[in-house]
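Tertiary structure, described
Single-letter residue listing:
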Amino acid sequence: MKDKIISGFYKKNKQEKVEWLAEHYFANDPTLLAELQSFAHANQDLQKIFDGFSENTLANYYMPYGVAPNFLIDEQLYAVPMVIEESSVVAAAASAAKFWLQRGGFQTKIISTTKLGQLHFSWSGPSHELQAVFEDLKVVLRQDAAPITANMEKRGGGILDIELLDFTAVEADYYQLKVSFETCDSMGANFINSVLESFGATLRRFAATHPQLRSYPLEVIMAILSNYTPDCIVRAQVACPTELLDDACKDMDGPTFAEKFRKAVRIAQIDPFRATTHNKGIFNGVDAVILATGNDFRAIEAGGHAYAAASGQYKSLSDCKIEDGIFTVWLDFPLAVGTVGGLTKLHPLAKRSLELLGQPSAPQLMSIIAATGLAQNFAAVRSLVTTGIQKGHMKMHLMNILNFLAASDTEIKASQQHFEKETISFNAVRAYLEMLRSASVKSV
């Protein structure tokens, strides 16, 4: 095992890293280097940009980049870019978009765009002493951070509020500065963290020199943004009379479908086991657009799941109601995204994605992402309460099975025709290909 421990791996060039990995993890496989090099971009300048995204990069890991058309969102028509490997996701989003295109489309509302950061610190003095000087402290915090916030303030953003939270009842000497921000069209992570670190330096200096605080030690524990953004919320919804849902399923009328759909969503409100899979379907759409536009899907996932559990029980992010014959499905979703900075302009396809979407502002992108998540949710629940999820999913998955089994173009065409009316499974596809190949050999 010791021979697999290495220091300074990051100092090696790409070929040296691959050769070391081949020796220690791939039984000196001579094909590894060529295989990884085959994934390099032909444009060396572009490859240099990709290599700079991360540490110890060896190759590019490709993901499908697709588009779901016919999204009518707030009376504007979009073709939505999606990066995802799950075969049925883009098809489902496009299907839902087309379904709602004739029923008024998706309506969205930006509820808030406030983002949060936290400065965590310990102070052993009396709480009331800290509270007494807090207003003076806020003034100094803002003054010292002014060089960092000046450009953001020119764009209409900056620090919105600073709160002092006392957690000493649950953790000795623990306090927090909870800071709210407006970061306009940027996701704002670097801006928020820079401000918070400035606050940390100011707080230490303020406490060390202020006559009411200096008798007690103050220690800054950490300064960091929060990916839980319950005040950066967008609502997306679709609605129509239940009779307009008659063609949602050939085996039931619109009102029957609407009630079955409503109950399925209600189950996801009640049962965390169902809610987890239900919300995963929403993130199928959300993450795909987040990736396509160069945003941080991990931050969005963390914040979304925290929001789903805000009541103390993990619940569905979407909801459904039927009132006075009107069927409505909606979701409120925390989305801290950006359309400037980060990879949004550095990654060429992220740049193209934003161009495809008409160079949206951050709030507009929030609306597009939320609508795509809702479309995905509608498509998934619609399948679940009608034909079942596997019929559509396995139809899209057929090509993956055929490629895995090295089917020829002729075999692919024959298989697609055969499985139009047959149940798709790996074993069924393999058996059909074996039959085709056996018949081909006999005819020779």
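This text follows the structure it describes.
So, a few notes on the structure that sits alongside this text.

**What to know about helix α3 (residues 44-52)**
All of the buried residues in α3 are Leu-46, Gln-47 and Phe-50. End-on, the buried residues of α3 take up no more than an arc of 100°, which puts them together on one face. Opposite its buried face, α3 presents the exposed residues Gln-44, Asp-45, Lys-48 and Gly-52, each directed more than 90 degrees away. Buried residues along α3 sit against α1 (14-25) and α12 (348-356).

**Describing the sheet that holds strand β3 (residues 107-113)**
Reading across the sheet, the 4 strands line up as β3-β8-β10-β9 and stay open at both edges, with antiparallel pairing between neighbours. Two strands close off the open sheet at either side, each with one partner strand: β3 and β9 (318-323). For this sheet, the mean angle separating the axes of adjacent strands, direction not counted, is 20°. Where β3 lies against strand β8 (residues 232-241), 6 bridges are found, and the strand directions are antiparallel.

**What about helix α4 (residues 89-101)?**
A rise of 1.5 Å per residue sets the reference length of α4, with its 13 residues, at 18 Å; its end C-alpha atoms lie 18 Å apart and thus fit the reference within 8%. Every buried residue of α4 is listed here: Val-89, Val-90, Ala-92, Ala-93, Ala-94, Ala-96, Ala-97, Phe-99 and Trp-100. For α4, the secondary structure elements touched by its buried residues are β1 (65-73), β2 (76-83), β8, α9 (272-292), β10 (326-334) and α13 (362-385).

**Focus on the packing of aromatic side chains**
Tallied over the full model, the rule gives 21 aromatic pairs. Considering the side-chain rings of Trp-100 and Phe-327, the 6.5 Å spacing of their centres and the 5° angle between planes classify their relative orientation as stacked. Separated by 227 residues along the polypeptide, Trp-100 in helix α4 and Phe-327 in strand β10 bring together distant segments of the chain. Taking the relative accessible area as the measure of exposure, Trp-100 reaches 0% and is therefore buried. Residue Phe-327 is classed as buried on the basis of its relative accessible area of 0%. With centroids separated by 5.0 Å and ring planes inclined at 20°, the aromatic side chains of Phe-167 and Tyr-174 adopt a geometry described as stacked. Members of the aromatic cluster, connected to one another through ring pairs, are Phe-99, Trp-100, Phe-257, Phe-261, Phe-327 and Phe-378. Directly above the aromatic system of Phe-297 lies the positively charged group of Arg-298, at a separation of 5.0 Å from the ring centroid. Lying across the ring of Trp-330, Lys-321 places its NZ or CZ 5.7 Å from the centre.

**Some details on the side chain of Thr-108**
Here Thr-108 lies in strand β3. Engagement of the side chain of Thr-108 in a polar contact is seen with the side chain of Asp-74, the distance being 2.4 Å. Polar side-chain contacts of Thr-108 include one of 2.8 Å to the side chain of Ser-367. Aside from chain neighbours lying at most four places away, what touches Thr-108 is Ile-73, Asp-74, Val-234, Arg-235, Ala-236 and Ser-367.

What counts and how
Residues numbered from 1 in each chain as written. Predicted model: local features only at pLDDT ≥ 70, side-chain atom pairs only at ≥ 80, totals over all residues. Heavy atoms only, no water. Buried < 20%, exposed > 50% of the residue type's maximum accessible area, 1.4 Å probe, protein only. Helix = DSSP H or I, 4+ residues; strand = E, 2+ residues; numbered from the N terminus. Arc of directions from axis to C-beta. Contact = heavy atoms within 4.5 Å. Pairing = 2+ DSSP bridges. Axes fitted to C-alpha atoms, helices over the stretch in contact; angles between N-to-C directions. Expected span 1.5 Å × (residues − 1). Phe/Tyr/Trp six-rings, centres within 6.5 Å; stacked < 30°, edge-to-face > 60°. Lys NZ or Arg CZ within 6 Å of the ring centre and 35° of its normal. Polar contact = N/O pair within 3.5 Å; in protein donor to acceptor, adjacent residues only side chain to side chain.

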